[in-house]
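Per-entry structural report
What follows is each chain in one-letter form.
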Amino acid sequence: MIHYALPPSLENDIFRFEQEFVEFRAGRLHETAFTAKRVKMGVYLERNRSTYMCRIRCSGNIITPKQLASVASLAKTYGNGKVHVTTRAEMQLYRIEEGDVIPVLRKLKEIGLSCKGGGGNSVRNLIANYDSGISTKEVFDVQPCLLALTERLLRESDSWELPRKMKIAFSSLSEGEAFGFIQDICFMAQLNAEGKQGFRVYVGGGLGAYPKVGVQLHEFVHQEEVYNVVRAVKNMFHLYGNRRNKHRNRIKFLLHDDLGTSAFRTYYRQELNKVLEHGYAKLNVGTVDNTENVKKDISLVPESEESDDFRIWKKRHVVRQRQKGLCQIKLSLFSGDLSAEDCNALEEFLRPFGDNTLRLGTDQNLYLINIPERFLANVYKEIMGYNTLSDRPRLYGNLVACAGSQGCQVGLTAPKAVSEVFLNYLDTVAAADFCPPADMMIRISGCPNACTNHWIADLGFYGKVRRVAGYLIPTYNVLGNGGVYGGTLRIAEKVGWVHSYDLPRFITEVMRRYANFKEKSESVVDFHDYWRSGGKDIITELCVSGYNDIPTFAEDKNYYFDHGADQLFSLKGVGHEECSAGIYDIINVDDKIVRKNLLQLVAEKELDDNSLDILLRSTLFHAARMLLVTRGEEPKAEAEVYSLFTQHFLDTGLVAEVHRPLIVSASQANKVQAGVDSFFEHKEQIIAFGEELTALYGNMDNTMRFPGERENMVIKVANQKDESSFTSVAQKGRPDRFKDLSGVKCPVNFAQIKMQLFAMSSGETLEVILDDGAPIENVPISITSEGHNILCQEKNGEQWTVLIQKS
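Residues numbered from 1 in each chain as written. Predicted model: local features only at pLDDT ≥ 70, side-chain atom pairs only at ≥ 80, totals over all residues. Heavy atoms only, no water.

**Remarks on the overall build of the protein**
Along its length, the protein carries 23 helices and 24 strands. On C-alpha atoms alone, the protein measures out to a radius of gyration of 29 Å, which is about the 28 Å that the 2.2 N^0.38 rule sets for 807 residues. Overall size of the protein, expressed as C-alpha extent along the three principal axes, is 85 × 70 × 55 Å. Each of the 807 residues in the protein was classed as buried or not, and the buried ones make up 57%. Within the protein, contacts between residues at least 6 apart in sequence are counted, and of these 70% link residues at least 24 apart. The averaged location of the 103 negative side-chain charges in the protein is 3 Å from the averaged location of its 96 positive side-chain charges. (Helix = DSSP H or I, 4+ residues; strand = E, 2+ residues; numbered from the N terminus. Rg over C-alpha atoms; globule rule 2.2 N^0.38 Å. Buried < 20%, exposed > 50% of the residue type's maximum accessible area, 1.4 Å probe, protein only. Contact = heavy atoms within 4.5 Å. Lys, Arg positive; Asp, Glu negative; His and termini not counted. Charge placed at Lys NZ, Arg CZ, Asp CG, Glu CD.)

Take a look at the structure:
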């Protein structure tokens, strides 16, 4: 198997998500809370707010032809009939109906793929340069180490509960790739003085509205130390991440702004030392064989082709690999899309060449690898029948564009539509005047979120709304000179703006001037040379003098529409960013209810008894529940809310002891029969309780610690987990954890088991002692209903020993 292994918990994850979907549809799960669970499973609500996009994790850019064909089958059966390649080397399916989401997730699992971690505050898809293992310019193949790290991280529960998303990449190339400098963590291949394989490590890179370049954290770490680095950074993120402000909650802000590089290194070293003391198991780094097709007897007759078009195609799209006689071939896609029919045809064609023949590029293209040179004519004749850009100049495959307002909830403009217009313009108008330079990388985003990585483009654009005479108009900010030069990354500079309607003409004009510069140069030059030699000033002036005067609506209505739209440009349909829905969003749902209730309780004196009782019960319930998520708790029943609140906030002294009788009373009332015992007589206590909880939330710091707390809860349980994990390795055959719950009543015993399970990795075991009677009758059932396994339970006198395996 050349791709990553799915985590053992995936079946239970899908089952749990299916139940959450049912709860959401029934109105028993708030939309915000459901969104946080949904995006973590890689499922996004599309702009039309009726269908979904599923993002498929493809670690190491690897996809087999069979997997591609199976994904294509899903696209045809459930989606829009297209497979989309993303700039994070994933695949996406669009237009999935609500009722088809779970079947799609289950069918993906059957073919060894998953959407889990496709979004949300999780460890995102781990990527590398697509040609790792085959490039003539690489230090060594990083794919095996990447796959081993992926499988380790996917098994760790805290990989799905990070303060915010974490992006990790590897590069096998000696000079690194631009994408490596914009990751939270990047490992760039190096050999030390003894010739041992390892990595130079960079941390704190990222784009979005505030681009930052990663800084070097290690000059060299051995391959087996890679996990320790990631573990230490994860711990730091849990400790110091700014959960209160999701817009500044990335490692780049922690390093560059909040702590500063020096303090960051100090804290990181402290965490790394703790990690080393724990002695985590080394990664099991295997190999990926890219030599199989060198001598393989492939059951296909080599064809011949002598046309000029074939020779041009080879020059544009074919590169010889480090493996003698093998080639890699770029399959250029328009905006990353390939039809289901073409995917199936490609799978059938690649069948004789084996599984290790496809990679996904971070430039939204597909790459065929390990193809013997004698079959190039076969490849050429095959793919010329596909609906791709393979018959076009290489430049066409260097255009990266996101869906923007044509699909994404936060997209302002329509990059995909304007890209199509631009390529047609280049075909029909511009190409007759000059030869477009092939070495430009153009990236167009529909908003500042930088999904196309516009900050590292030679020529980049991102959508911006402007207003003219009361009308909103779609425009793009213009960036230039991004990318790696001399081993360091340059973030592109913003030099102006142009209207969306003019963008095709503007890009063509810049290309024309750059082509002219290249033609007149006596040596080999690139866009960076052009930029430094006056190109920046020329483009800046071009924006102002030729593209910033917008005609009135009466003079030219085209400027008040976006490409591909038949209605006046507006922000209708723009929604909230989904990918960062997290703990604060969930807390805010309850907090808003409590605050609204408190206002009503204080202001309205004419409520009838029944309305008042409902309002008081609601206030008490939501106030007690709102902060439980900071302890890793997600209670399902009202009684569980009060029990967990007692455990985490009363017993710990975070909330005043004076409220305990109220919580006890509420818990007892709930047990007897909801609604029978009136809350009317507790009005003043409930108001005081609600006010204290909202105040406590207001005083919670960015890492979810409350005044008086010395330790972050998440990192606390992570450390507990680390300790037990180490024990299980050393004492094989014993449970990973043990908890004596003798004398602990329901549901507190269940809550304590949940806390233990939260801190454990999938597959680890927990042995607990439960009392006879209600505990043994209720707890195993509750554990099983949450997807965990009861491996055995034995009675010893008046107690039971139960062995649980975490899902």
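**Quick word on the sheet that holds strand β15 (residues 442–445)**
Taken in spatial order, the 5 strands of this open sheet run β14-β15-β16-β17-β20, and their pairing is mixed. Edge strands, defined here as strands with exactly one partner in the open sheet, are β14 (399–401) and β20 (493–499). Shown here is a sheet whose adjacent strand axes are inclined to one another by a mean of 25°, direction ignored. Sheet topology note: the strand β17 (residues 471–480)/β20 ladder contains 6 bridges and is antiparallel. Of the residues in β20, the one forming a bridge with Gly 480 is Glu 493. Across the sheet, helix α15 (residues 527–547) lies against β16 (459–468), β17 and β20, angled at about 35° from β20, the strand it touches most. (Pairing = 2+ DSSP bridges. Axes fitted to C-alpha atoms, helices over the stretch in contact; angles between N-to-C directions.)

**So, the packing of helix α14 (residues 503–520) against α15**
It is at 10 Å that the axes of α14 and α15 come closest, and there the two elements cross at 145°. Here the hand of the crossing between α14 and α15 comes out right-handed. For the pair α14 and α15, the contacting residues are Arg 505, Phe 506, Glu 509, Val 510, Arg 513, Tyr 514 and Phe 517 in the first and Phe 527, Asp 529, Tyr 530, Ser 533, Ile 538, Ile 539, Leu 542, Cys 543, Gly 546 and Tyr 547 in the second. Of the residues in the contact of α14 with α15, the class split is 11 nonpolar, 2 polar and 4 charged. (Left-handed = near helix turned anticlockwise from the far one by under 90°. Nonpolar A, V, L, I, M, F, W, Y, C, P; charged D, E, K, R; others polar.)

**Side note on the sheet that holds strand β10 (residues 326–331)**
Across the sheet, 4 strands lie side by side as β9-β10-β13-β12; this open sheet has antiparallel pairing. At either margin of the open sheet sits one strand with a lone partner, and together these are β9 (318–320) and β12 (358–360). Taken over all neighbouring pairs, the strand axes of this sheet differ in orientation by 25° on average, direction set aside. Direction of pairing for β10 relative to strand β13 (residues 366–372): antiparallel, over a ladder of 5 bridges. Each residue of the ladder has a partner; that of Leu 326, found in β13, is Pro 372. Contacts from helix α11 (residues 340–350) reach β10, β12 and β13, with the element oriented near 15° to β13.

**Remarks on the packing of helix α13 (residues 415–428) against α14**
Between α13 and α14, the shortest axis-to-axis distance is 8 Å and the interhelical angle comes to 50°. Relative to α14, the element α13 is oriented oblique. By crossing handedness, the relation of α13 to α14 is classed as right-handed. Contacts between α13 and α14 involve Val 418, Val 421, Phe 422, Tyr 425 and Leu 426 from the former and Leu 503, Pro 504, Arg 505, Ile 507, Thr 508 and Met 511 from the latter. Its residues assigned to classes, the contact of α13 with α14 shows 9 nonpolar, 1 polar and 1 charged. (Parallel < 35°, antiparallel > 145°, perpendicular 65-115°, else oblique.)

**Observations regarding the pairing of strand β23 (residues 789–796)**
Alignment of β23 against strand β24 (residues 799–805), held across 7 bridges, turns out to be antiparallel. Following the sheet pairing, Lys 795 is matched in β24 by Trp 800. Counting the residues in the hairpin turn of β23 and β24 gives 2 residues, including Gly 797, whose phi is positive at 70°.

**Concerning the pattern of salt bridges**
Taken as a whole and assessed by the stated rule, the structure comprises 42 salt bridges. The closest approach of N and O atoms between Asp 439 and Lys 518, which form a salt bridge, is 3.0 Å. With Asp 439 in the loop between α13 and β15 and Lys 518 in helix α14, this pair connects stretches of sequence that are 79 residues apart. A residue is classified by how much of its surface remains accessible, and Asp 439, at 34% relative accessible area, is partly exposed. A relative accessible area of 27% means that Lys 518 is categorised as partly exposed. (Salt bridge = Lys/Arg side-chain N within 4 Å of Asp/Glu carboxyl O.)

**With respect to unusual backbone geometry**
Residue Ser 335 is not a glycine yet carries a positive backbone phi of 55°. Structurally, Ser 335 is set in the loop between β10 and β11 (337–339). Of note in the backbone geometry, Gln 364 takes a positive phi value of approximately 70° without being a glycine. Looking at the element boundaries, Gln 364 is found in the loop between β12 and β13.

**Structural notes on the confidence of the model for the protein**
Residues at a pLDDT of 70 or more form 92% of the protein, whose mean pLDDT is 88. Confidence over residues 717–732 falls short of pLDDT 50; this stretch has 26 contacts with residues more than four positions distant or in other chains. (pLDDT = per-residue confidence, 0-100.)

**Comments concerning the side chain of Gln 409**
Positionally, Gln 409 belongs in the loop between β14 and α13. Gln 409 gets classed as buried once you look at its relative accessible area, which sits at 7%. Of the polar contacts made by the side chain of Gln 409, one reaches the backbone oxygen of Leu 45; its length is 3.1 Å. Separated by 3.2 Å, the side chains of Gln 409 and Arg 49 make a polar contact. (Polar contact = N/O pair within 3.5 Å; in protein donor to acceptor, adjacent residues only side chain to side chain.)

**Points about the environment of Asn 365**
Looking at where Asn 365 falls in the secondary structure, it is placed in the loop between β12 and β13. Among all residues touching Asn 365, those that are not within four sequence positions of it are Val 85, Lys 330, Leu 331, Ser 332, Leu 333, Arg 359, Leu 360 and Gly 397. Side-chain polar atoms of Asn 365 contact the side chain of Asp 363, separated by 3.2 Å.

**What about the packing of aromatic side chains?**
One pass over the full model with this rule turns up 34 aromatic pairs. Plain terms: the ring middles of Tyr 210 and Phe 253 are 6.1 Å apart, the flat faces sit at 70° to each other, and that makes the pair edge-to-face. You can see Tyr 210 sitting in the loop between β7 (197–203) and β8 (215–222) and its partner Phe 253 sitting in helix α7 (residues 251–258), a full 43 residues away along the chain. With a centroid separation of 5.3 Å and 55° between ring planes, the pair formed by Phe 517 and Tyr 530 is classed as tilted. Of this pair, Phe 517 sits in helix α14 while Tyr 530 is found in helix α15, placing the two residues 13 residues apart along the sequence. On the basis of relative accessible area, Tyr 530 is assigned to the buried category, the value being 3%. Each member of the aromatic cluster is reached from another via a ring pair, and the members are Phe 17, Phe 21, Phe 24, Phe 34 and Tyr 52. (Phe/Tyr/Trp six-rings, centres within 6.5 Å; stacked < 30°, edge-to-face > 60°.)

**Looking at helix α5 (residues 143–154)**
Taking 1.5 Å of rise per residue, the 12 residues of α5 would be expected to cover 16 Å, and the 16 Å separating its terminal C-alpha atoms lies within 8% of that figure. Of all the 12 residues making up α5, 10 are buried; the element is thus mostly covered by neighbouring parts of the structure. Within the span of α5, buried status applies to Gln 143, Pro 144, Cys 145, Leu 146, Leu 147, Ala 148, Leu 149, Thr 150, Leu 153 and Leu 154. For α5, the elements touching its buried residues are β5 (168–171), β6 (185–191), β7, α6 (226–240) and β12. (Expected span 1.5 Å × (residues − 1).)

**Quick notes on helix α10 (residues 308–317)**
Taken together, the buried positions of α10 are occupied by Phe 310, Trp 313 and His 317. Buried residues of α10, seen end-on, are gathered within an arc of 60° and therefore sit on one face of the element. Facing away from the buried side of α10 by more than 90 degrees, the exposed set consists of Asp 308 and Lys 315. On the buried face of α10, the contacting elements are β9, β10 and α12 (376–383). (Arc of directions from axis to C-beta.)

**Re the side chain of Asp 13**
Mapping Asp 13 onto the fold places it in helix α1 (residues 10–25). Among the polar contacts listed, one links the side chain of Asp 13 to the side chain of Lys 116, at a separation of 2.7 Å. Residues within four places of Asp 13 in sequence aside, it is in contact with Met 41 and Lys 116.

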